[in-house]
Amino acid sequence: MKKLQLNISAMATRLCAAGLAILGFSACESQGDMYGTPPGSFRLKGAVESKSGEPVNDAQITVKLFYSNDVAIPKWNTATGNDGKYSIEKENYNYGKIRIVCTPSVESGLRADSIDYNSNQLDAAEKSDGWTIQNFILDKKN
């Protein structure tokens, strides 16, 4: 009788282990990074202007991603139009900490600016129709 109970117990243990393994593998099939974070959309737009309120055209907007050792690697670039506005949209992107850098042309005489966000701050930032808004107001170089 005890031998039968041990066999049933061993069989139940094996079935539970197999079931958990199947559940574990099926959870990994969804798209996402190795830590299980599902991808989302990265939608950023804004405007660049001088302290006097003039739009800054041809300013370079660079989104940098932070990897190990707190090193920011450039990922996406765009430039402002004549109205000083820009936008960047990427699908299926997992982001952690990012840096948004605004670099005006040398001829503008304005100083570059940047801002860092982690994913929670970016999610909580000012939004408009699902777009994160990041405006820059640039000072003159000294």
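Each value, and the rule that gives it
- Residues numbered from 1 in each chain as written.
- Predicted model: local features only at pLDDT ≥ 70, side-chain atom pairs only at ≥ 80, totals over all residues.
- Heavy atoms only, no water.
- Helix = DSSP H or I, 4+ residues; strand = E, 2+ residues; numbered from the N terminus.
- Buried < 20%, exposed > 50% of the residue type's maximum accessible area, 1.4 Å probe, protein only.
- Salt bridge = Lys/Arg side-chain N within 4 Å of Asp/Glu carboxyl O.
- Pairing = 2+ DSSP bridges.
- Axes fitted to C-alpha atoms, helices over the stretch in contact; angles between N-to-C directions.
- pLDDT = per-residue confidence, 0-100.
- Contact = heavy atoms within 4.5 Å.
- Phe/Tyr/Trp six-rings, centres within 6.5 Å; stacked < 30°, edge-to-face > 60°.
- Lys NZ or Arg CZ within 6 Å of the ring centre and 35° of its normal.

### A few points about the environment of I137
Item 1. Inspection of the secondary structure puts I137 in strand β9 (residues 136-138).
Item 2. Considered as a pair, I137 and A112 are 25 residues apart in the sequence and their alpha carbons are 9.7 Å apart.

### A short note on unusual backbone geometry
Negative phi is the rule for most residues except glycine; trans is the rule for most peptide bonds.
Item 1. The phi angle at D58 is positive, at roughly 60°, despite the residue not being glycine.
Item 2. Within the element layout of this structure, D58 appears in the loop between β1 (40-50) and β2 (60-66).
Item 3. A residue is classified by how much of its surface remains accessible, and D58, at 48% relative accessible area, is partly exposed.

### Points about the pattern of salt bridges
Item 1. Tallying each qualifying case throughout the model produces four salt bridges.
Item 2. Across the salt bridge formed by R43 and E89, the nearest N and O atoms sit 3.2 Å from each other. Here E89 lies in strand β4 (residues 85-93) and R43 lies in strand β1, a separation of 46 residues in the sequence.
Item 3. Looking at R43, the relative accessible area reads 25%, which means it is partly exposed.
Item 4. Assessed through its relative accessible area of 40%, E89 is described here as partly exposed.
Item 5. Residue K51 is joined to D139 by a salt bridge in which the shortest nitrogen-to-oxygen separation is 3.4 Å. On the criterion of sequence distance, the pair formed by K51 in the loop between β1 and β2 and D139 in the segment after β9 is long-range, its members being 88 residues apart.
Item 6. Residue class for K51 comes out exposed when judged on its relative accessible area of 60%.
Item 7. Salt bridges linked by common partners bring K51, R111 and D139 together as one network.

### As for the sheet that holds strand β6 (residues 113-117)
The strands that make up a sheet pair up through hydrogen bonds in the backbone, lying either parallel or antiparallel.
Item 1. Within the open sheet, the four strands sit side by side as β3-β2-β5-β6. Their pairing is antiparallel. Every interior strand has two partners, whereas the edge strands, β3 (72-79) and β6, have only one. Within this sheet the neighbouring strands show an average axis-to-axis angle of 20°, counted without direction.
Item 2. Sheet analysis places β2 next to strand β5 (residues 98-103), joined by six bridges and oriented antiparallel. Counted as the bridge partner of L65 is I98 from β5.

### Examining the confidence of the model for the protein chain
Item 1. Residue-level pLDDT values for the protein chain average 81, and 77% of them are 70 or greater.
Item 2. When pLDDT is averaged over each element of the protein chain, β9 comes out on top at 96 and helix α1 (residues 2-27) at the bottom at 69.
Item 3. Below pLDDT 50 for its whole length, residues 29-34 participates in eight contacts with residues either more than four positions away or in separate chains.

### Some thoughts on the packing of aromatic side chains
Item 1. If you walk through the whole model with that rule in mind, you get one aromatic pair.
Item 2. Positioned above the aromatic ring of F66, the side-chain terminus of K97 is 4.4 Å from the ring centre.

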